[in-house]
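# What the coordinates show
Each chain, letter by letter, is given below.
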Amino acid sequence: MSKSLFDLPLTIDPEHELRFVGPFTRPVVRIMTLRNNSALPLVFKIKTTAPKHYCVRPNIGKITPFRSTQVEICLQPFVYDQQEKNKHKFMVQSVLAPLDADLNDLNKLWKELEPEQLMDAKLKCVFEMPSAEANAENTSGGGAVGGGTGAAGGGSAGANTSSASAEALESKLKLSIEDKLKPSNLLDTSESLEALSGEINALRECNSELRRENLHLKDQITRYRSSPAVKQVNEPYAPVLAEKQIPVFYIAVAIAAAIVSLLLGKFFL
């Protein structure tokens, strides 16, 4: 790297292109190194023309003076066609942080920057498949091992099968992790959490309302039990003997006594 490159605030390695080597049926990772050559903190942000195909960590960050940082760029699995023209590109934007800048919230700082303050560097993506010579060497090596004794050949085949299975399992696991770490999936997870939070609050309100209704019903039952019995409209009439029949008996006795007294008075007179 020439000396003039160190005069720039930011140097990028690789400088012009990101080379991804297949097969592309599994994630392919490429490392980009960013170096701050200035005496001030430097803030960077990485963008791509194909955000659905790549996972970049970190895609925004800061670099202290005269320090370096590494960015992991993971190409997601896809169907590779050599005849199809590749148009994937990356752009690294950077700026020397102002002296009064708050470096704790880089997204807010980035929104406050003017476009003319930013330094841009563009890199193109190159896709390559493994060389035919390497594949031929692997094939010939496998044939030589297979030409040995039957026991040795069977052991080699079993080892190759186990190795392939382990690689396939590792690829699936890594693909699952990378897929979960995608910004779009993280956004879906955030939206799901917000929806669940809203449902939980609604259930809590419904529970509180049911508790209030339950207390209201208990209060009504207590009042009904403590109040005197009310005669129903269709209830048959059944007067109580102590309240209805005894007073009539006393009246009849009083009338009979009056009549007897009257007769006795006339008789003696």
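Since the structure is predicted, the reported quantities are computational estimates derived from the model, not experimental observations. (Residues numbered from 1 in each chain as written. Predicted model: local features only at pLDDT ≥ 70, side-chain atom pairs only at ≥ 80, totals over all residues. Heavy atoms only, no water.)

## As for the nonpolar core
Condition: Among buried residues, those of type Ala, Val, Leu, Ile, Met, Phe, Trp, Tyr and Cys that are joined through side-chain atoms within 4.5 Å constitute a nonpolar core. Three exposure classes are used, based on accessible area relative to the maximum for each residue type with a 1.4 Å probe and protein chains only: buried under 20%, partly exposed in between, and exposed over 50%. Note on conventions: DSSP H or I runs of at least 4 residues are helices, E runs of at least 2 residues are strands, and numbering of each starts at the N terminus. Any pair of residues with heavy atoms lying within 4.5 Å of one another is described as a contacting pair.
If you look at the biggest cluster of nonpolar residues, it comprises 23 residues, and the most contacted ones within it are F20, M32, L34, Y54 and I73. Broken down by secondary-structure element, the contributors of at least two residues to this core are β1 (10-13), β2 (17-21), β3 (28-36), β4 (42-48), β5 (54-57), β7 (68-75), β8 (89-96) and β9 (119-128). If sequence neighbours within four positions are ignored, Y54 has contacts with F20, T48, I73, C74, L75, Q76, H88, F90, C125 and F127. One finds I60, A97, L106 and L113 within the second-largest nonpolar core, a separate group that totals eight residues.

## Observations concerning a positive patch on the surface
How we decide: Patch membership requires more than 30% relative accessible area and the absence of a salt bridge. Residues of like charge join within 9 Å; the nonpolar side chains Val, Leu, Ile, Met, Phe, Trp and Tyr join within 5 Å. Here, Shrake-Rupley sampling with a 1.4 Å probe gives the accessible areas, and only protein chains in the shown set may cover a residue. Salt bridges are counted wherever a side-chain nitrogen of Lys or Arg sits within 4 Å of a carboxyl oxygen of Asp or Glu. By the counting rule applied here, Lys and Arg register as positive and Asp and Glu as negative, while His and the ends of each chain are not counted. In plain terms, the charge of a residue is placed at NZ if it is Lys, CZ if Arg, CG if Asp and CD if Glu.
A cluster of basic residues, K85, K87, K89, K122 and K124, forms a positive patch at the surface. Positionally, K124 belongs in strand β9. Accessibility expressed as a relative area gives 48% for K124, which makes it partly exposed.

## Remarks on the pattern of salt bridges
According to the stated counting rule, one finds three salt bridges in the structure shown. A salt bridge links E17 to R19; the shortest N-O distance between them is 2.1 Å. In this structure, the salt-bridge partner of R19 is E128, at a minimum N-O distance of 2.1 Å. Of this pair, R19 sits in strand β2 while E128 sits in strand β9, and the two are 109 residues apart along the sequence. Given the relative accessible area of 31%, R19 is considered partly exposed. Given the relative accessible area of 30%, E128 is considered partly exposed.

## A short note on the side chain of S38
Cut-off, in case you're wondering: Residues adjacent in sequence count toward polar contacts only when both atoms are side-chain atoms; beyond that, a polar contact is any pair of N or O atoms within 3.5 Å, and within protein one must be able to donate a hydrogen and the other to accept it.
Tracing the chain through its elements places S38 in the loop between β3 and β4. Within polar-contact distance, the side chain of S38 engages the side chain of N36 at 2.7 Å. A polar side-chain atom of S38 sits 3.0 Å from the main-chain carbonyl oxygen of L40. What S38 contacts, discounting residues up to four positions off in sequence, is P9, P65, F66 and L96.

## A few points about the sheet that holds strand β6 (residues 60-63)
Our working rule: For two strands to pair, DSSP has to find at least two bridges joining them. Comment: axis = line fitted to C-alpha atoms, over the contacting stretch for helices; angle = value between 0 and 180 degrees taken between N-to-C directions.
Strand order across the open sheet formed by five strands is β2-β9-β8-β4-β6, with mixed pairing between neighbours. Edge positions in the open sheet fall to β2 and β6, since each of these has one partner strand only. Strand-to-strand twist across the sheet, computed as the mean angle between neighbouring axes with direction ignored, equals 25°. As defined by bridge partners, β4 adjoins β6 across four bridges and the pair is classed as antiparallel. When the sheet's bridge partners are listed, F44 is paired in β6 with G61.

## Things to note about the sheet that holds β3
Read across the sheet, four strands follow the order β1-β3-β7-β5 without closing on themselves; strand pairing throughout is antiparallel. Each edge of the open sheet is held by one strand with a lone partner, namely β1 and β5. Within the sheet, the average angular offset between the axes of one strand and its neighbour, ignoring direction, is 20°.

## A closer look at unusual backbone geometry
Omega for the peptide link from D13 to P14 comes to 5°, which places this bond in the cis form. In this fold, P14 is placed in the loop between β1 and β2. Of note, the bond from G22 into P23 is cis; its omega dihedral lies within 30 degrees of zero at 10°. Within the secondary structure, P23 sits in the loop between β2 and β3.

## Things to note about the pairing of β3
A regular strand places its side chains on the two faces of the sheet in alternate fashion. Sheet topology note: the β1/β3 ladder contains four bridges and is antiparallel. By the bridge assignment, T11 is partnered in β3 with R35. Direction of pairing for β3 relative to β7: antiparallel, over a ladder of eight bridges. Residue V28 lies in a different strand from β7, and its bridge partner there is L75.

## So, the environment of V95
For V95, the position within the fold is in strand β8. It is 6.7 Å that separates the C-alpha atoms of V95 and Q117, two residues lying 22 residues apart in sequence. The contacts of V95, once residues within four sequence positions are left out, are P41, L42, V43, W110, L113, Q117, L118 and M119.

## Considering the confidence of the model for the chain
Under the convention used in this document: Note: pLDDT gives the predictor's confidence per residue, expressed from 0 to 100.
The predicted model of the chain averages 74 in pLDDT, with 64% of residues at 70 or higher. β7 holds the highest mean pLDDT among the elements of the chain, 96, whereas helix α2 (residues 132-146) holds the lowest, 46. Counting interchain partners and residues more than four positions distant, the pLDDT-below-50 stretch residues 1-5 has five contacts. Confidence over residues 136-164 falls short of pLDDT 50; this stretch has two contacts with residues more than four positions distant or in other chains.

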